[in-house]
Amino acid sequence: MTTPGPSPGPVTTAAPAPDAAAAPNPDPAPGWLAQRLAAQLLSGPPVEGTVQVAGHLLAVQAQDQRGARLAVRARSRARSAADVDDALTRDRSVVVTWLNRGTRRLAQEGVPPADAERGVAVIERSLTADGPLTRAQLAERVAKAGVRTQGQAIVHLLMLANLRGIAVRGPMAGREHAYALVRDWLGDRHGPRGAAAFDRDRALAELAARYLAGHGPATERDLAKWAGLPLGDARRGLAAIAGRLADRDDGLADLARRRDPGGGDCPLPPPRLLGAYDPVLLGWITRDPIVGPHGKLVAINGLFRPFAMVAGRAVGTWSMPGGKVALTPFAPLAEAVAAALAGDAAEVERFLHSPAGAARG
């Protein structure tokens, strides 16, 4: 059970967003959305902690460090952000790296292929000799080798080192991740006999099953979008697990056996504050079922704001000026909803501010 936080107080609430105050109430959430939110671990019993959340969802967006920690909070019994950091630093049970990312812009950042190779080599040598190292420390070493690091160049050089399996984000160094060699931080997972043979069909089947575990019901296009794969590969993966899929009349794919604590229709999650880049907005071809007409207030130009969700729908965005939650609703909130969000705001503040000792005490 989670440790009770401070008694809920009034959450700081700004005026409703001007373009949304007069919006009509949304239609009730469809049953498949409630099932999808349950698959996301946003309703039903929470899982134990960071490892279980990351394993169930297959991956959690960690572009925003606070958002990643809040994604774990909303789905688990983790008691503080320090619990998440322990999984990254002390337990090494989860890692942060680049996956399924197609934005390779080294040439646009002024780094030609030969320089990119030299930059990655410098990163590997530096981590071998002195790692773990922060991004700034690695940028200094790469720059001394005559490789451009300005702008986003160092970010994409680090991405290239990650994609090649050389480096991974390792321990926390203050408020940021330091980078470490994969072989040092995670060990040689294949042992002395070398890498196991790769079976693409088997991998696609496993990917499809694990995707649906955390994102179903969904379509083949949802899987392709999330995984960054051709549609044909998504179809092959789903076809390989056809015997494990539920019979549905809505055209959506889902696993036949999944956690359903109520034994019937899935309940919608309680009112909740979710962090930036929460996985519930990133796993399908569209986020419209959740954000509705407020899409540009929640996500625009690749930036995803923290938002409040009530009955499966976004009802406002929030921020933390001065360490206190400030909610900006899209329209006036019912008193009971406002009280529930105030209680969750107190939990968010406690979760983020609890010291490591208190979190484990």
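Above this text sits the structure in question.
Starting from 1, residues in each chain are numbered consecutively following that chain's sequence as written. Local features in a predicted model are, by the rule used here, given only for residues with pLDDT of at least 70; side-chain atom pairs are given and counted only at 80 or more, and totals for whole chains, interfaces and linings are based on all residues. To get the side-chain values, take all heavy atoms of the structure and skip hydrogens and water.

Draft legend 1. Layout of the pattern of salt bridges. The working definition used for a salt bridge is a side-chain nitrogen of Lys or Arg within 4 Å of a carboxyl oxygen of Asp or Glu. In total, this model carries 19 salt bridges according to the counting rule given. Arg77 is the partner of Glu48 in a salt bridge, and the nearest nitrogen-oxygen pair spans 3.6 Å. Highlighted residues: Glu48 in the loop between helix 1 (31-39) and helix 2 (50-57) and Arg77 in the loop between helix 3 (65-73) and helix 4 (81-89), separated in sequence by 29 residues. Accessible area is worked out with a 1.4 Å probe on protein chains only. A residue is then buried under 20% of its type maximum, exposed over 50%, and partly exposed in between. According to the relative accessible area criterion, Glu48 is exposed, its value standing at 51%. Taking relative accessible area as the criterion, Arg77 reaches 31% and is therefore assigned partly exposed. A salt bridge links Arg73 to Asp344; its shortest N-O distance comes to 3.0 Å. With a gap of 271 residues between them, Arg73 in helix 3 and Asp344 in helix 14 (residues 335-353) connect regions that are remote in the sequence. Residue class for Arg73 comes out buried when judged on its relative accessible area of 11%. A relative accessible area of 11% places Asp344 in the buried class. To qualify as a helix, a DSSP run of H or I must reach at least 4 residues; to qualify as a strand, a run of E must reach at least 2; elements of each kind are numbered from the N terminus.

Draft legend 2. Representation of the packing of aromatic side chains in the model. Under the pairing criterion, centres of Phe, Tyr and Trp rings, with the six-membered ring standing for Trp, must be within 6.5 Å; the plane angle then separates stacked pairs below 30 degrees from edge-to-face pairs above 60, leaving the rest tilted. As enumerated under the stated definition, the model contains 2 aromatic pairs in all. Here the aromatic rings of Tyr211 and Trp226 are separated by 5.7 Å at their centres, their planes lie at 45°, and the arrangement is tilted. Here Trp226 lies in helix 10 (residues 220-227) and Tyr211 lies in helix 9 (residues 200-215), a separation of 15 residues in the sequence. With respect to burial, Tyr211 and Trp226 carry one shared label: buried. The positively charged end of Arg169 is found above the aromatic ring belonging to Trp98, 5.2 Å away from the centroid. To sit over a ring, a charge needs its Lys NZ or Arg CZ within 6 Å of the ring centre and within 35 degrees of the ring normal.

Draft legend 3. Expanded view of the packing of helix 5 (residues 113-130) against helix 7 (residues 153-163). For helices, the fitted line uses only the C-alpha atoms of the stretch in contact; every axis is such a line through C-alpha atoms, and the angle between N-to-C directions lies from 0 to 180 degrees. Where helix 5 contacts helix 7, the axes come no closer than 9 Å and their chain directions differ by 70°. On the basis of the axis angle, helix 5 is roughly perpendicular to helix 7. Within the contact between the two elements, helix 5 uses Ala116, Gly119, Val120 and Ile123 and helix 7 uses Leu157, Leu158, Leu160 and Ala161. For this scheme, ten residues count as nonpolar: Ala, Val, Leu, Ile, Met, Phe, Trp, Tyr, Cys and Pro. Four count as charged, namely Asp, Glu, Lys and Arg, and the remainder, Gly too, count as polar. Considering only residue class, the contact of helix 5 with helix 7 consists of 7 nonpolar, 1 polar and no charged. Comment on the angle field: the value is read as roughly parallel under 35 degrees, roughly antiparallel over 145, roughly perpendicular from 65 to 115, and oblique elsewhere. Any two residues whose heavy atoms approach within 4.5 Å at even a single point are treated as in contact.

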